[in-house]
Amino acid sequence: MAARKNAKADHSNRIKDPTEWTTGDEPMTGAQESYLHTLASEAGESVEPDLTKAEASEKIDELQEKTGRGHG
């Protein structure tokens, strides 16, 4: 059982806050932009065009929460 607990702890430690990403200040990826526009459309919101990778990730999280997507 201890091995399972450690495996879960190790997995959670791999998830970094987007503000800590070394590439977080680079422009968002095409995939992020596409998904953001999909989510924003569903949420009835607009998306700023020049987000960074980190900002896009945070906005995706926010819109997933709002639309109920990504939780499954």
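As a reminder, the structure under discussion sits directly above these lines.
Residues numbered from 1 in each chain as written. Predicted model: local features only at pLDDT ≥ 70, side-chain atom pairs only at ≥ 80, totals over all residues. Heavy atoms only, no water.

1. Here we look at the overall build of the chain
Within the chain one finds 3 helices and 0 strands. Ordering the α and β elements of the chain from the N terminus gives α-α-α. The 72 residues of the chain split such that 24% are buried. Long-range pairs, those at least 24 residues apart, make up 63% of the contacts in the chain between residues at least 6 apart in sequence. Summing over all exposed atoms, the chain offers an accessible surface of approximately 5400 Å²; the carbon and sulfur share of this is 49%. (Helix = DSSP H or I, 4+ residues; strand = E, 2+ residues; numbered from the N terminus. Buried < 20%, exposed > 50% of the residue type's maximum accessible area, 1.4 Å probe, protein only. Contact = heavy atoms within 4.5 Å. Areas by Shrake-Rupley, 256 points an atom, 1.4 Å probe, with all protein chains shown as cover.)

2. Observations regarding a negative patch on the surface
The grouping of Asp17, Glu20, Glu48, Asp50, Glu55, Glu58, Asp61 and Glu65 at the surface amounts to a negative patch. Position of Glu48 relative to the elements: it lies in the loop between α2 (30-43) and α3 (53-67). (Patch = residues over 30% accessible without salt bridge, like charges linked within 9 Å, V, L, I, M, F, W, Y side chains within 5 Å. Salt bridge = Lys/Arg side-chain N within 4 Å of Asp/Glu carboxyl O. Lys, Arg positive; Asp, Glu negative; His and termini not counted. Charge placed at Lys NZ, Arg CZ, Asp CG, Glu CD.)

3. Regarding the pattern of salt bridges
Under the defined criterion, the tally for this structure stands at 5 salt bridges. Residues Lys59 and Glu45 are paired through a salt bridge, measuring 3.2 Å at the closest nitrogen-oxygen approach. Of this pair, Lys59 sits in helix α3 while Glu45 sits in the loop between α2 and α3, placing them 14 residues apart in sequence. Since its relative accessible area comes to 24%, Glu45 is described here as partly exposed. A salt bridge links Glu62 to Lys59; the shortest N-O distance between them is 3.2 Å.

4. Considering α3
A rise of 1.5 Å per residue sets the reference length of α3, with its 15 residues, at 21 Å; its end C-alpha atoms lie 21 Å apart and thus fit the reference within 8%. Looking at α3, one finds that the buried residues are Lys53, Ala54, Ala56, Ser57, Ile60, Leu63 and Gln64. Taken from the residues just after α3, Gly68 is the one with a positive phi, measuring 85 degrees. (Expected span 1.5 Å × (residues − 1).)

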